[in-house]
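Descriptive structure summary
Each chain is listed here by its residues.
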Amino acid sequence: MEVFRREAPEVAEAFNGLIMSLVASRGIDPKTKQLIYIAMKASIGDEAAVRAHVPMAVQAGATREEVVDAILMTLTVSGVRGVVSCLPGAVRYFDH
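Below or above, wherever it landed, is the structure these notes cover. Here the structure is a predicted model, which is why all the values come from computation and not from measurement.

Cut-offs used in this document
- Residues numbered from 1 in each chain as written.
- Predicted model: local features only at pLDDT ≥ 70, side-chain atom pairs only at ≥ 80, totals over all residues.
- Heavy atoms only, no water.
- Helix = DSSP H or I, 4+ residues; strand = E, 2+ residues; numbered from the N terminus.
- Buried < 20%, exposed > 50% of the residue type's maximum accessible area, 1.4 Å probe, protein only.
- Contact = heavy atoms within 4.5 Å.
- Areas by Shrake-Rupley, 256 points an atom, 1.4 Å probe, with all protein chains shown as cover.
- Lys, Arg positive; Asp, Glu negative; His and termini not counted.
- Charge placed at Lys NZ, Arg CZ, Asp CG, Glu CD.
- Polar contact = N/O pair within 3.5 Å; in protein donor to acceptor, adjacent residues only side chain to side chain.

**Structural notes on the overall build of the chain**
If you tally the helices and strands in the chain, you get seven helices and zero strands. Along the chain, helices (α) and strands (β) appear in the sequence α-α-α-α-α-α-α when read from the amino end. Along the longest, intermediate and shortest principal axes, the C-alpha atoms of the chain span 35 × 30 × 30 Å. Looking at the chain as a whole, 28% of its 96 residues qualify as buried. Across the chain, contacts joining residues at least 24 apart in sequence account for 53% of those joining residues at least 6 apart. Put simply, the chain shows about 6400 Å² of open surface, and 62% of that area lies on carbon and sulfur atoms. Placing the 10 positive and 11 negative side-chain charges of the chain at their respective mean positions leaves the two points 1 Å apart.

**Quick word on the side chain of Gln 34**
Mapped onto the elements of the fold, Gln 34 is located in helix α3 (residues 30-43). At 2.7 Å, the side chain of Gln 34 and the side chain of His 53 are in polar contact. Excluding residues that lie within four positions of it along the chain, Gln 34 makes contacts with His 53, Met 56 and Ala 57.

Read these as spatial facts, not as claims about activity.
In structure tokens:
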């Protein structure tokens, strides 16, 4: 993200505005939004995003079991790749 912000600050700012508007939307509570985001990112094997969003999910009230279940939900969509790559980092957060 640092390179994105440095090389394309206007685009990065617009992207951040989009993210903030999604965060501010009221249709889904913050915890559920984080769990959905974790599942979406796990489905594509984005380990860094999952690790970044687990603390946000916990801050919003998510439990270890909910985070694990969100990652496991990707099995039916993407197979085992996301689970194998993302579950260890997510669980490690709770183990420390």
